[in-house]
Amino acid sequence: MLRSAGLTPKSVLITFVVVGVLYFAAFWGIERFRQHRGPWEITFSDNAQGEAVLSVSQRALKISGVQLIVHGEHATNAPGSVRFDRVLMPVPFGRVIYEDLTFLPGVVTFDLFGHEVELLPRVLIVNKKEVPWQSGIVVDLWPTNKPAEPPQPPKQR
C-alpha cells in the first residue's frame, strides 16, 4: 500500500529526519534569542546605616551600579545576589510580586517595604513613576513617598 502512493520506507525516514532536524534547530534558535540579552542581576545588601539597598545591573542593556536605597527600612536577612534567569527565585528581602522572564531580561516587579519597583528593559518604574535608566544613579525611597495602596500582584484571569 505504501509503495503504490510513492512513499517508500526510505522517503518516510528522510522526511522524519529532516523534520526532526528543523524542529530542533527552530527550538534552539528560539531559546538562544530568548536568552541572548541575559538576566537582571540584583544585589540585596545594606548601607552603613543598615538601610536596605538594591544594586541593579544588566550587561546587555549597559546598566550597572543603579542603587535603590530604602530609607528607614533595615535588611533583616543576610545580603545576597540574585540572577533573574528563571521564575520564582527567592530574594533576601522584599518580595517579587510579578515576573515575566519569557524573553530576558524581562520584567520583574518588587514590593520593597511598601514601595513598588519595576524593572523593565526600557525604563525603571518606582512607585508608578518612570525613572530613565542611567548607570550609577541612586534612587532614594523614603517612607513618605510610599504609595497609599500597597503593591499587589496582578489579578489572575
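Calculation notes
Residues numbered from 1 in each chain as written. Predicted model: local features only at pLDDT ≥ 70, side-chain atom pairs only at ≥ 80, totals over all residues. Heavy atoms only, no water. Pairing = 2+ DSSP bridges. Helix = DSSP H or I, 4+ residues; strand = E, 2+ residues; numbered from the N terminus. Axes fitted to C-alpha atoms, helices over the stretch in contact; angles between N-to-C directions. Buried < 20%, exposed > 50% of the residue type's maximum accessible area, 1.4 Å probe, protein only. pLDDT = per-residue confidence, 0-100.

Draft legend 1. Up close: the sheet that holds strand β6 (residues 107–112). The 5 strands lie next to each other as β5-β6-β7-β8-β9, forming an open sheet whose pairing is antiparallel. The open sheet is flanked by β5 (95–100) and β9 (129–131), the only strands paired with a single partner. Neighbour-to-neighbour, the strand axes of the sheet open up by a mean angle of 20 degrees, direction not taken into account. Relative to β9, strand β8 (residues 124–126) runs antiparallel, the two sharing 3 bridges. Pairing of Val 126 across the sheet is with Lys 129, part of β9.

Draft legend 2. View of the pairing of strand β10 (residues 138–141). Residue alternation in β10 divides its side chains into a buried set, Val 139 and Leu 141, and an unburied set, Val 138 and Asp 140. Of the pairings in the sheet, the one linking strand β3 (residues 63–74) to β10 comprises 4 bridges and is parallel in character. Considered in β10, the bridge of Gln 67 is made with Val 138.

Draft legend 3. Seen up close, the sheet that holds strand β4 (residues 80–84). Taken in spatial order, the 5 strands make up an open sheet running β4-β1-β2-β3-β10, and their pairing is mixed. Each having just a single partner strand, β4 and β10 make up the two edges of the open sheet. Ignoring strand direction, the axes of neighbouring strands in this sheet form an average angle of 20 degrees. Across 6 bridges, the pairing between strand β1 (residues 40–46) and strand β2 (residues 51–58) is antiparallel. Residue Ile 42 lies in a different strand from β2, and its bridge partner there is Val 56.

Draft legend 4. Local environment of the confidence of the model for the protein. The predicted model of the protein has a mean per-residue pLDDT of 90, with 96% of residues at 70 or higher. Confidence scores differ between elements of the protein, with helix α1 (residues 9–35) showing the lowest mean pLDDT of 91 and β8 the highest of 96.

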